[in-house]
Each structure stands twice: as structure tokens, then as C-alpha cells.
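Working through the structure, step by step
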Amino acid sequence: MAPSSTHPVNFSNPRSFATKFKSNLKETFFPDDPFRQFRNEPPERRPRKALQYFVPIFEWLPKYSFGKFKYDVLAGITIASLAIPQGISYAKLAEVPAIYGLYSSFVPPLIYAIFGSSKNIAVGTVAASSLLIASTIGEVASPVNDPTLFLHLVFTSTLISGIFQTALGVLRLGILVDFLSHSTITGFMGGTAIIICLQQLKGFLGLKHFTTKTDVVSVLKAIFSHKDEWRWESAVMGICFLIFLLSTVQLRKKLPRLFWVSAVAPIVTVLVGCIMAYFLRGHDAIQTVGHLKKGLNPLSIKYLNFDSKYLTAVVKAGIITAILALAEGIAIGRSFALMKNEQTDGNKEMIAFGLMNIVGSLTSCYLTTGPFSKTAVNFNAGCRTAMSNVVMAICMMLTLLFLAPVFSYTPLVALSAIITSAMLGLIKYDEVYHLYKVDKFDFVICMAAFLGVTFISMDIGLMLSVGLSILRALLYVARPATAKLGNIPNSTLFRDIEQYPDATSIPGVLVLQLGSPIHFANSTYIKERILRWINEEEGVSSSKGHNVEHLLLDLGGVTSLDMTGIETLVEIHRNTEARGIKMGLVNPRIEVMEKLIVGKFIDIIGREAVFLSIDDAIRARQFSLSVWTQKDGVDTIHVPVS
């Protein structure tokens, strides 16, 4: 008679459907347990706590101090000096009038300061989304031939982006953003940087005619087909500006405490360019932004256009840029929060981004998020709270009310230099090489995004990369890892014999580890792989004069299984039983155990065939192994148990 297991297995009755559903729902949509702070609060304080949770400004503003305000004012003014040239530059990329880039740095930061959970993010427009909006909306409306329609469609796509982002946050579906892997974002940003830099040759060379396409071939063709428009004056000015900007970036890298030099370099470039353009006015070699009218954001709700002729392109632009902006903004916010040992709530950030884009679309703004360059400046300037965004918004308000016409003389070549210097920092050569060294498939995903964006289009490149990422995930699901386990000498540990060559197999016992859920997509593979393990082990065992008598399946890594998975285990049991091999299960998790009980598999295999650990299973079954010898009642082959 086999000895009883040292540690009894729990065969308690399965939980109710409601209990399991509640548990699964919580882990799916509320893995961060956001309501834990309300549990121990008296009922009268819960509404206040709820308000602080959903509107973070009510949490940090009552505790705000003048000491923090000093830092936030400095940071806010610093990022405002960057927001002005970036706003004008990225509006140029989006093919909208420059003033709308300034509008987009006024209203959205105020909304984010109310609903955002990050202390470090500085809100503004971004290059990749600006170019993606221009290329997608440009398919149905020309920014040159019909700029009014184009602008209205941009507002509409921003509204759709905001609604989509808010819905993701409210429904806690941030998992969708996770499909944009690090490899995808690296490749996409690198490819986008390349095509944006090439497009800036229009400004550097003073071209008046250019292509609306974004791929490298079309851009180069447009550049060389208009050689007669090249202006050396514009090229010289642009190169000088670019050298100045890049030198400040290098200075910041060598002397981090002088970060403010590179932060104010763009506004210095714009101001110097304005002065030069003012004295050179009338000289057509230097093109300028043109008239910028004074005044705050006009309402744009009446300009939203949902005409069915344009709706497909508008929705496409809205959803793609929404996901891209979320992935970039949340990743950047979390990165800087980690430096301060803080946390940001991804779902709150989605709601904050969504609300600021909804309000922005109604107040003449286009898509905004948390750009890296501006957030980095905000962080290095010593921001303490989201108040720095409020200070930036106030600075932008004063600029719109009093200084906007000054920037009418901003040379387009200065904006091209600013954009180029910013884009060069997005090409992560070291990260791409690191991907190649660590994971070749990740490298392929990265290059799919890079080459797709560079040579086809931005949306195609993004979809190619995401498609490969999903394919890889499906391969992991359909072809899960299994391992044969052996005993580590002088211990009770069992580990993968491929990883630990010194681990020894127990004669007559085949121990296999399954490391994934068992369901319809992989059940056939798992069954075939287990039978192949048995065949291989029998071939080895027969040459040593003994046979496989026991099969132990370690289910500790199996988080769930469906009805197909249960049928698979039944088939494996039937097959092993026909061969005279006894099958045992080790450490099934609670959800797996419940389904095995309800599915009657435990009745088929017997409760005595389920164990809490591999060592328990070995000790319980050693007396039935004909290949094991017993001397004075002590097993001479099995490892001693301490």
C-alpha cells in the first residue's frame, strides 16, 4: 500500500459561478484593485474619496504649497518656451495653420491638469500623430485645395480620438494599447523620424511644390523633380539653425545640469529667425509662417463634419492616432514616474487624454498627448505637480492674446530645423541593435514597422508590425512550451533537464511540466507532444532495461483549461492506460481543479492520482515501481528528503 501524501490535496467543492465570475472580472478589468482605498473609509467620507480618485486635482490641490509652486512655475515657463516653436512646427506637419498648434497648447493642458494622474507629463502635440493625421485626412481632402474642409475633418478626427480614448479608460480596456509592443513603437518612431526628416528638406531647400505622400520614394522624387526651386539662402540658414540646435543637445548630454539650454534653443531659433525674416521681408528666398491673429481659441463645435464621404478616413485617423498617442503618453508618464518611485494609473491617463482631446476638438485644437521631449524638459526643470501644465497654459494664453503676430515672421526653414533636431533623437540605433542581439523575432517586428512606414505608409507599417506581434502571440498560445523535468542532485527540486543537464530522471517515471492554459487552440499539440515525450522516453528506457511506468504532469503553470482541454487529458489518460502507464497530476491550480472535478476527470483518474508536489507523487508511487529496489524499507534510488 502506498503511503499517504505528506501534504493533502484540496478537493473542496467548486466555487459558485458568481464567485468565479467576480474573481475573473476583477483580474481582467481591475488588476490594480483601484477601490481598495474606499474599503476602510466610513460611508460619509467615501464620496470625497471617490471624487479625489476620479478627479485627481482634488487630491493634490488641497495639499499644494508655495514651495511646490516655485518649482512648477519654473518648469511651466520652461516648457512654454518649448511649446511655442513645437506647436507651430508640428502644426506645419499636420498641414493645419500654425495658430492651431498654439491653440493646442492652451486648452488641453488645463484639462489634463484636472484629470491627469501623472506629475511629470507636459501636454502638447507630437510629430508622429501630426504627420499621420495629415496623411490619412489628406486622402479625402486636400490641405492645399480645400484647407477649410481639411481643418474641419482634423477637428472631427480629434473628437473621435478623444471619445475612443475615454471609452478605453472607462471600460478599462488598456490591454488594447499593449498590442503596441516596445519593438513596434521603436520601429514606428524610427521610420516616422526618417520620413519627417526627409520632408523637412522642403523647408531647407525653400521648395514651394511638394508631395502629400509620406513614403521615402515619393518624397525624394518630389525633391529632385523641383530642382529649379532650390534656394541656397534657405539651405544655409537651415543648416546653421540645425547645427546650433544639435550642439545644445550634445551640451545637455555632457552637462545634464544645463538641460535648460537645449530647452530654450528652439524658441531662440524662432526669435532669431523672426528677426532675420523681418529684415529680409520681401525676399522670397525665405518663406515664413504668415499671419497669426491674436485671440484665444474659437469654438469649433459647429465645424465638426460627419459626412459619410469622409467618415471612413476620419474614423481611421482618429482611432489609429488615439492608440498611438495613448501608447506614447502612458509609456512616457510611467517611465518618468519610476524615476521618482511613483506610479501612474493607466486608465486614469486614458480618460484624461480622452477628455482633453474631446474638449480640444470643440475649441480649435487637434490631437495632443504627452510628448517625450516636453515631458523630459518638465521633469528636468523640477516640476512637482500637474500645475506646471497650468503655468504653461497661462503663458500660451498671454502669447495668443499679445504676442501671436510676432511669430508671423517665423521662417519655415527654422521650423524645419527644429523638427529635424527633435526627430533625430527618435532614431534609437542602440535599441534596434539590442533587439537584434536579444530576440530576432522582436527585431523583425521592429524592422517591419520601420520599413513599412518608410517605404509604404505610416498606417500600413504600423499594421504590419502589430500583425506580426499578434502572430507571435498566437504562436505562443498554439505552441506552448513543455519540459521534461529531472531531479537536481541532493535535493527535492525538479527542473528542466535541458536547462540543468545535471538533473537526473527517475527510472520508470516521466515527469513533464506544462506551462500554459490548455484549450482548443493548443490541445492537439499538447497531446501530441506528451505522447512524443512518452515514445522518446520508452526508447531510452528500454535500452536501459526498464519501462516507463508512471507519467506525472506538473500543472502548476496551467492557469485554465476548457472542455477541449479536459477531453485532451481524457485521451492522454486512455492512451497511457492502454500502454500500462499510470498517469498522475501535480499541483493543479484552483480553477483547473474545479473544472477537472466538474468535468468528472478526477473521478476517471482517481483522487489518489493527484498530488501537491512532484516529490509527494514520487514518494507515493515508489512502492509500485518494479524497477526500484528496496533495502530495509528504504528507497536506495530516490533522493533523500531532508
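Before reading on, note that the structure itself is shown above.
A few points on the structure.

Criteria and cut-off values
Residues numbered from 1 in each chain as written. Predicted model: local features only at pLDDT ≥ 70, side-chain atom pairs only at ≥ 80, totals over all residues. Heavy atoms only, no water. Helix = DSSP H or I, 4+ residues; strand = E, 2+ residues; numbered from the N terminus. Buried < 20%, exposed > 50% of the residue type's maximum accessible area, 1.4 Å probe, protein only. Contact = heavy atoms within 4.5 Å. Lys, Arg positive; Asp, Glu negative; His and termini not counted. Charge placed at Lys NZ, Arg CZ, Asp CG, Glu CD. Phe/Tyr/Trp six-rings, centres within 6.5 Å; stacked < 30°, edge-to-face > 60°. Lys NZ or Arg CZ within 6 Å of the ring centre and 35° of its normal. Pairing = 2+ DSSP bridges. Axes fitted to C-alpha atoms, helices over the stretch in contact; angles between N-to-C directions. Patch = residues over 30% accessible without salt bridge, like charges linked within 9 Å, V, L, I, M, F, W, Y side chains within 5 Å. Areas by Shrake-Rupley, 256 points an atom, 1.4 Å probe, with all protein chains shown as cover. Salt bridge = Lys/Arg side-chain N within 4 Å of Asp/Glu carboxyl O. Core = buried A, V, L, I, M, F, W, Y, C linked by side-chain atoms within 4.5 Å. Parallel < 35°, antiparallel > 145°, perpendicular 65-115°, else oblique. Left-handed = near helix turned anticlockwise from the far one by under 90°. Nonpolar A, V, L, I, M, F, W, Y, C, P; charged D, E, K, R; others polar.

**Side note on the overall build of the protein**
Within the protein, the secondary structure is distributed over 26 helices and eight strands. Dimensions along the principal axes, computed over C-alpha positions, put the protein at roughly 105 × 65 × 55 Å. The buried share of the protein, reckoned over its 642 residues, is 51%. At a minimum sequence separation of 6, the contacts of the protein that also span at least 24 residues come to 79%. Distance from the positive charge centre (58 side chains) to the negative charge centre (47 side chains) of the protein: 9 Å.

**What to know about the packing of aromatic side chains**
Per the counting criterion, the structure on display carries 13 aromatic pairs. Between Phe-66 and Phe-69, the aromatic rings sit 6.4 Å apart at their centres with planes inclined by 40°, giving tilted as the arrangement. Of this pair, Phe-66 and Phe-69 both sit in helix 4 (residues 66–93), separated by three residues, roughly a single helical turn. Geometrically, the ring pair formed by Phe-336 and Phe-372 is tilted, given 5.9 Å between the ring centres and 35° between the ring planes. Residue Phe-336 is located in helix 14 (residues 308–339), and its partner Phe-372 is located in helix 16 (residues 372–380); the two are separated by 36 residues in the primary sequence. Exposure remark for Phe-336: the relative accessible area of 6% places this residue in the buried category. Through a chain of ring-to-ring contacts, three or more aromatic side chains come together here, namely Trp-60, Tyr-64, Phe-66 and Phe-69. Here the basic side chain of Lys-440 rests over the ring of Tyr-436, its NZ or CZ set 4.7 Å away from the ring centre.

**Section: the environment of Pro-43**
The topology assignment puts Pro-43 in the loop between helix 1 (17–29) and helix 2 (46–54). Accessibility expressed as a relative area gives 60% for Pro-43, which makes it exposed.

**A look at the sheet that holds strand 4 (residues 550–554)**
With mixed pairing, the six strands of this open sheet are ordered in space as 2-1-3-4-5-6. Single-partner strands in this sheet number two, and they are strand 2 (494–496) and strand 6 (610–611). As judged from the five bridges shared by strand 4 and strand 5 (residues 582–586), these two strands associate in the parallel manner. Directly across from Asp-554, in strand 5, lies its bridge partner Val-586. The sheet contacts of helix 23 (residues 563–578) involve strand 4 and strand 5, and relative to strand 5 the element is tilted by about 145°.

**Focus on a nonpolar patch on the surface**
A contiguous nonpolar surface patch, about 630 Å² in accessible area, is contributed by Val-217, Leu-451, Phe-455, Ile-456, Ile-460, Met-463 and Leu-464. Among the elements of the structure, helix 20 (440–455) and helix 21 (458–478) are those that each provide at least two residues to the nonpolar patch. If one sorts the elements of the nonpolar patch by residue count, helix 21 sits on top with three residues. Positionally, Met-463 belongs in helix 21.

**Some thoughts on the pattern of salt bridges**
Where charged atoms from two side chains of opposite charge approach closely, those side chains can pair. Using the criterion set out here, one finds 10 salt bridges in the structure. With a shortest N-O distance of 2.7 Å, Glu-594 and Arg-15 are connected by a salt bridge. Of the two residues, Glu-594 is situated in helix 24 (residues 590–598) and Arg-15 in the segment before helix 1; the sequence distance between them amounts to 579 residues. For Glu-594, a relative accessible area of 5% corresponds to the buried category. Across the pair Asp-459 and Lys-316 runs a salt bridge whose closest N-O atoms are separated by 2.6 Å. You can see Asp-459 sitting in helix 21 and its partner Lys-316 sitting in helix 14, a full 143 residues away along the chain. Residue classification places Asp-459 among the buried positions, given a relative accessible area of 9%. Each of the salt bridges in this network shares a partner with another, and the network as a whole consists of Asp-439, Asp-442 and Arg-472.

**Brief notes about the nonpolar core**
Ranked by internal contacts, the top residues of the largest apolar core, which has 103 residues, are Val-96, Ile-99, Phe-188, Tyr-366 and Met-423. Counting residues in hydrophobic clusters, the runner-up holds 32 residues, among them Val-558, Leu-561, Ile-581 and Val-610.

**Concerning the packing of helix 7 (residues 127–137) against helix 9 (residues 182–199)**
Close contact between helix 7 and helix 9 brings their axes to 10 Å; oriented N to C, the two are set at 70°. Considering their axes alone, helix 7 and helix 9 lie roughly perpendicular with respect to each other. Seen along the crossing, helix 7 lies across helix 9 with a hand that is left-handed. Here Ala-127, Ala-128 and Leu-131 of helix 7 come into contact with helix 9, specifically with Phe-188, Met-189, Thr-192, Ile-195, Ile-196 and Gln-199. Class assignment of the residues belonging to the contact of helix 7 with helix 9 gives a composition of seven nonpolar, two polar and no charged.

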